[in-house]
Amino acid sequence: MRIADWPAAERPRERLLAHGAAALSDAELVALFLRTGVRGMSALDLARDLLARCGGLAGLLAVGRIPAGIKGLGPAKKAELGAVLELAKRSLGEQLRGGNVLGSPAAVRDYLRLAIGALEHEVFLALLLDSQHRVLKPLELFRGTLTQTSVYPREVVKRALELGGAAVILAHNHPSGAAEPSRADEFLTQTLKSALALVDVRVLDHLVVGQGQAVSFAERGLL
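Residues numbered from 1 in each chain as written. Predicted model: local features only at pLDDT ≥ 70, side-chain atom pairs only at ≥ 80, totals over all residues. Heavy atoms only, no water.

1. What about the side chain of Asp205?
Reasoning step 1: Within the fold, Asp205 resides in strand β4 (residues 202-210).
Reasoning step 2: Residues contacting Asp205, with those up to four places away along its chain left out, are Val168, Ile169, Leu170, Ser216, Phe217, Ala218 and Leu223. (Helix = DSSP H or I, 4+ residues; strand = E, 2+ residues; numbered from the N terminus. Contact = heavy atoms within 4.5 Å.)

2. With respect to the packing of helix α7 (residues 153-162) against helix α8 (residues 183-197)
Reasoning step 1: Contact geometry of α7 with α8 gives a least axis separation of 10 Å together with a crossing angle of 45°. By the angle class used here, α7 and α8 are oblique. Relative to α8, the crossing made by α7 is right-handed. For the pair α7 and α8, the contacting residues are Pro153, Val156, Val157 and Ala160 in the first and Thr191, Leu192, Ala195 and Leu196 in the second.
Reasoning step 2: Of the residues in the contact of α7 with α8, the class split is seven nonpolar, one polar and no charged. (Axes fitted to C-alpha atoms, helices over the stretch in contact; angles between N-to-C directions. Parallel < 35°, antiparallel > 145°, perpendicular 65-115°, else oblique. Left-handed = near helix turned anticlockwise from the far one by under 90°. Nonpolar A, V, L, I, M, F, W, Y, C, P; charged D, E, K, R; others polar.)

3. What about the packing of aromatic side chains?
Reasoning step 1: One pass over the full model with this rule turns up two aromatic pairs.
Reasoning step 2: Ring centres 5.7 Å apart and planes at 70° place the aromatic pair Phe142 and Tyr152 in the edge-to-face group. Of the two residues, Phe142 sits in strand β2 (residues 135-143) while Tyr152 sits in the loop between β2 and α7, which places them ten residues apart along the sequence.
Reasoning step 3: On the basis of relative accessible area, Phe142 is assigned to the buried category, the value being 10%. (Phe/Tyr/Trp six-rings, centres within 6.5 Å; stacked < 30°, edge-to-face > 60°. Buried < 20%, exposed > 50% of the residue type's maximum accessible area, 1.4 Å probe, protein only.)

4. Here's the deal with the sheet that holds strand β3 (residues 167-173)
Reasoning step 1: Strand order in the open sheet made by the five strands is β2-β1-β3-β4-β5, with mixed pairing throughout. Only two strands of the sheet have a single neighbouring strand rather than two, namely β2 and β5 (213-216). If you compare each strand with its neighbour and ignore which way they point, the axes differ by 20° on average.
Reasoning step 2: In this sheet, β4 lies alongside β3 in parallel orientation, the contact comprising seven bridges. Note that in β4 the partner of Ala167 across the bridge is Arg202. (Pairing = 2+ DSSP bridges.)

5. Digging into the environment of Leu44
Reasoning step 1: Mapped onto the secondary structure, Leu44 falls in helix α3 (residues 43-54).
Reasoning step 2: Once the C-alpha coordinates of Leu44 and Glu28 are considered, the two residues, 16 residues apart in sequence, prove to be 6.2 Å apart.

Coordinates in, geometry out; function isn't part of it.
Spelled out as structure tokens, the structure:
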């Protein structure tokens, strides 16, 4: 059944226009994206099935992890979903570059969750900031495997100096989905903090990103 065939009062599009996107459930939002169902399943039924099979929104948004052969989510829909995610990431990136990141910690978390939270390999990146704590550039510094990546403090210092950074927010992801920092993460953070301090670049935070969450070293008192 198509969404257009539903009673008007029950259509997600009409409910969104009347009450805003926040009034819709996860399944209704996904149904709007899908637009049509498949034989024997309405768009809403299909959306519920997709969310269940992918482990919720976080799993659905991890486009690269979605297995092949799921009803209603072929290559074209995956491409569309990837485009939507990239637009959201770029929008958040523009917000960060436009203002002081210390005044928008939620935007930093949202950007990092979209940028690296769903990757199947570890990535270490840095948000390089100017003296007003505005983002100069997000830098992907190192890329690793499913379980680890090698980070070289000299390269981090070099890039910070090249771009004239005054401060930095470090981040890396845990492909396992668990965002809890390890002892190795704590040691690396202190090493980078000491190395960057030698060139007057301050480490403001280090965030460990899992599926749907980001843990802050600053909030944990680990800096």
